[in-house]
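Results of the structural survey
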Amino acid sequence: MYMITVTVQVKNSSGHYLTVPHVPEAIQVNIGGIMQRWTADQYIAPLHKVVVPDDDSQNEARLSIPLFVHPDTDTLVECVDGSNKYPPILARDDYNARCAKTYY
């Protein structure tokens, strides 16, 4: 069986993509924008991409299983620290706005 080795890169605040290091037996978690909003930027949802290296520098295969979790559509998402950094929004409205931005 032939496997293509891929890696994940995240965009830092300077606009550069950095490679996420492979840590054996570890699980990489990338939170989404709604969690960033909920935590008032305590946790950041970075722009990220999956790339195939040009060389053989990474010869260990990674298993990628995307799993997307979202609150119930009627959940009111408010900053948990009480800061109101982001205005309250229903999870459904946040989801619809993100889909519209991405797909339309």
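Scope of this entry: the structure provided in the associated data block. (Residues numbered from 1 in each chain as written. Predicted model: local features only at pLDDT ≥ 70, side-chain atom pairs only at ≥ 80, totals over all residues. Heavy atoms only, no water.)

Let's shift gears to the pattern of salt bridges. Applying the stated criterion to the full structure yields 3 salt bridges. K85 is the salt-bridge partner of D41, the closest N and O atoms lying 2.6 Å from each other. Highlighted residues: D41 in the loop between α1 (33-38) and β3 (48-51) and K85 in the loop between β4 (76-77) and β5 (89-90), separated in sequence by 44 residues. Ionic pairing is found between D74 and R92, a salt bridge with its closest N-O pair at 2.2 Å. Note that D74 is positioned in the loop between β3 and β4 and R92 in helix α2 (residues 91-103), a separation of 18 residues in sequence. (Salt bridge = Lys/Arg side-chain N within 4 Å of Asp/Glu carboxyl O. Helix = DSSP H or I, 4+ residues; strand = E, 2+ residues; numbered from the N terminus.)

Glycine aside, residues mostly have negative phi, and peptide bonds are mostly found in the trans state. A positive phi is found at A40, a non-glycine position, where the angle reads about 55°. Under the relative-accessibility criterion, A40 is labelled buried at 12%. Even without being glycine, D41 reaches a positive phi, approximately 70°. Owing to a relative accessible area of 22%, D41 belongs among the partly exposed residues under this scheme. (Buried < 20%, exposed > 50% of the residue type's maximum accessible area, 1.4 Å probe, protein only.)

With that out of the way, let us pick up the environment of P21. Along the chain, P21 falls in the loop between β2 (17-19) and α1. Along the chain, P21 and T7 lie 14 residues apart, while their C-alpha atoms are 8.3 Å from each other.

The next point concerns the sheet that holds strand β1 (residues 7-11). The strands making up a sheet are joined through hydrogen bonds of the backbone, oriented either antiparallel or parallel. Spatially, β2-β1-β3 is the arrangement adopted by the 3 strands of the open sheet, whose pairing is antiparallel. Of all strands in the sheet, those with a lone pairing partner are β2 and β3, marking the two edges. Neighbouring strand axes in the sheet, compared pairwise and without regard to direction, differ in orientation by 30° on average. Bridge analysis of β1 against β3 gives 4 bridges, and the strand direction is antiparallel. Following the sheet pairing, T7 is matched in β3 by V51. (Pairing = 2+ DSSP bridges. Axes fitted to C-alpha atoms, helices over the stretch in contact; angles between N-to-C directions.)

Within this model, the largest pocket holds a volume of roughly 2,200 Å³. As for the largest pocket, its lining consists of 45 residues, of which N30, I31, H48, L67 and F68 are closest to the centre. When residues of the lining of the largest pocket are traced back to their parent elements, those giving at least two are β1, α1, β3 and α2. The greatest single-element share of the lining of the largest pocket, amounting to 7 residues, is contributed by α2. By residue class, the composition of the lining of the largest pocket is 27 nonpolar, 12 polar and 6 charged. (1 Å grid on protein atoms, 1.4 Å probe; cavity = no way out; pocket = protein on both sides within 12 Å on 5 of 7 lines; lining within 4 Å. Points joined across faces, edges and corners; volume = space filled by probe spheres on them. Nonpolar A, V, L, I, M, F, W, Y, C, P; charged D, E, K, R; others polar.)

Between its first and last C-alpha atoms α2 spans 18 Å; for 13 residues at 1.5 Å apiece the expected length is 18 Å, and the two agree. Burial in α2 covers these residues: A91, D94 and C99. For α2, the angular spread of buried residues about the axis comes to 130°, placing them on one side. Those residues of α2 that are buried are in contact with α1, β4 and β5. (Expected span 1.5 Å × (residues − 1). Arc of directions from axis to C-beta. Contact = heavy atoms within 4.5 Å.)

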